[in-house]
Amino acid sequence: MTLAERSSARLQIGRVVVFMFQIIRLHLVPFLALSLFVVGIPGAVLRYQEDAYPDANILWDLPVAIPFAAFVVAFSLLEAVITRMIVPDGTGQYPSLARSIEIVIRDIPLLSAIGLISSALVLIGFFLLIVPGLIVGVLLSVLIPVRTIEQTGFVTTFTRGIALTKGHRWAILILLIAYFALQISATLVTNLFMGDPIFAGYSGERQTGGAAAIIASVLSVSLLSVIGSTGTAIVYCELRRIKDGPAPRELATEFD
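In what follows, the accompanying structure is described.

How each quantity is defined
Residues numbered from 1 in each chain as written. Predicted model: local features only at pLDDT ≥ 70, side-chain atom pairs only at ≥ 80, totals over all residues. Heavy atoms only, no water. Core = buried A, V, L, I, M, F, W, Y, C linked by side-chain atoms within 4.5 Å. Buried < 20%, exposed > 50% of the residue type's maximum accessible area, 1.4 Å probe, protein only. Helix = DSSP H or I, 4+ residues; strand = E, 2+ residues; numbered from the N terminus. Contact = heavy atoms within 4.5 Å. Expected span 1.5 Å × (residues − 1). Bend = angle between axes of the 7 residues up to and from the residue. Phe/Tyr/Trp six-rings, centres within 6.5 Å; stacked < 30°, edge-to-face > 60°. Salt bridge = Lys/Arg side-chain N within 4 Å of Asp/Glu carboxyl O.

## Describing the nonpolar core
Next, step 1: In terms of nonpolar packing, the biggest core is built from 58 residues, with L11 and V235 touching the most fellow members.
Next, step 2: Counting residues per element, the ones that place at least two in this core are helix 2 (13-38), helix 4 (62-86), helix 6 (108-128), helix 7 (130-139), helix 8 (143-150), helix 9 (154-165), helix 10 (169-194) and helix 11 (211-244).
Next, step 3: Broken down by element, the residue count for this core peaks at 14 residues, all from helix 4.
Next, step 4: Contact partners of L11, with chain neighbours within four places excluded, come to V16, H168, A171, I172, V235, E238, L239 and I242.

Here it is in structure tokens:
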């Protein structure tokens, strides 16, 4: 791909979705098992605390804010591991699950800080108005893959991540809205399964508590986390392919 071709290329939503399901199909068992362990546990605690403190704010009320922060960190680490697994290393090989986890563990402090700060910025945007939250979400959408693969510093991760999205933000916005719609749909299905009011959790009506509700929520959140993490990793790879040109030792060649 020449420089002129790269400058006119666009992030293709259909291509991202197809590749996402291909990768998930190939790695469904390890991805889902990892998600259940990494994201499921803090997700269960968060759901329990949200039920116990229904009026708490996730940004500053500690009974909910602490488990939410743990969930954000867990999601960031899951995203980093999945990214590491589907992007070849310096030798052109795809790291195993164990090797990917080992690499990510060494990077927990910075990945956690990036995940927490970017999530807080997105939430603040949503609290102000929905549109600012979406805009910030798009701008900061590929920070974790950037840090994981390129090993950039804290500030550089933000500037590099924002630069990668430039010119492709409408496509990323559509993907982000689709993911939010999927999350809402999963909540509605869980509510129906538990016999709750269909919009419980989004309206003034409360969701059912108890072990069964927490298990159903954890299963849903774990699967959604796999979809979100894999999709983000693929968006990053596609942006790198478009902006930097294909490099077999850096980008996931299996997509082609």
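## Looking at helix 2
Next, step 1: Across its 26 residues, helix 2 extends only 28 Å between first and last C-alpha, which sits more than 12% below the 38 Å expected from 1.5 Å per residue.
Next, step 2: The principal kink in helix 2, of about 85°, is found at H27, preceding the proline P30 by one to four residues.

## Remarks on helix 11
Next, step 1: The end-to-end C-alpha distance of helix 11 is 48 Å, a good match for the 50 Å that 34 residues give at a rise of 1.5 Å each.
Next, step 2: With 26 of its 34 residues buried, helix 11 lies for the most part within the structure.
Next, step 3: Two residues or fewer after helix 11 comes G245, characterised by a positive phi angle close to 85°.

## Section: the packing of aromatic side chains
Next, step 1: A complete count under the given rule lists two aromatic pairs for this structure.
Next, step 2: An angle of 75° between the planes, with centres 5.8 Å apart, marks the rings of F126 and F180 as edge-to-face. Pair noted here: F126 is in helix 6 and F180 is in helix 10, with a separation of 54 residues, a long-range link.
Next, step 3: Residue classification places F180 among the partly exposed positions, given a relative accessible area of 26%.

## A few points about the pattern of salt bridges
Next, step 1: Applying the stated rule across the entire model yields seven salt bridges.
Next, step 2: A salt bridge links E238 to R15; the shortest N-O distance between them is 2.5 Å. Separated by 223 residues along the polypeptide, E238 in helix 11 and R15 in helix 2 bring together distant segments of the chain.
Next, step 3: With its nearest N and O atoms 3.0 Å apart, the salt bridge here joins R241 to E238. You can see R241 and its partner E238 sitting in helix 11, three residues apart, about one turn around the helix.
Next, step 4: The class for R241 is buried, based on a relative accessible area of 15%.
Next, step 5: Taking relative accessible area as the criterion, E238 reaches 1% and is therefore assigned buried.
Next, step 6: One salt-bridge network, in which partners are shared between bridges, spans R15, E238 and R241.

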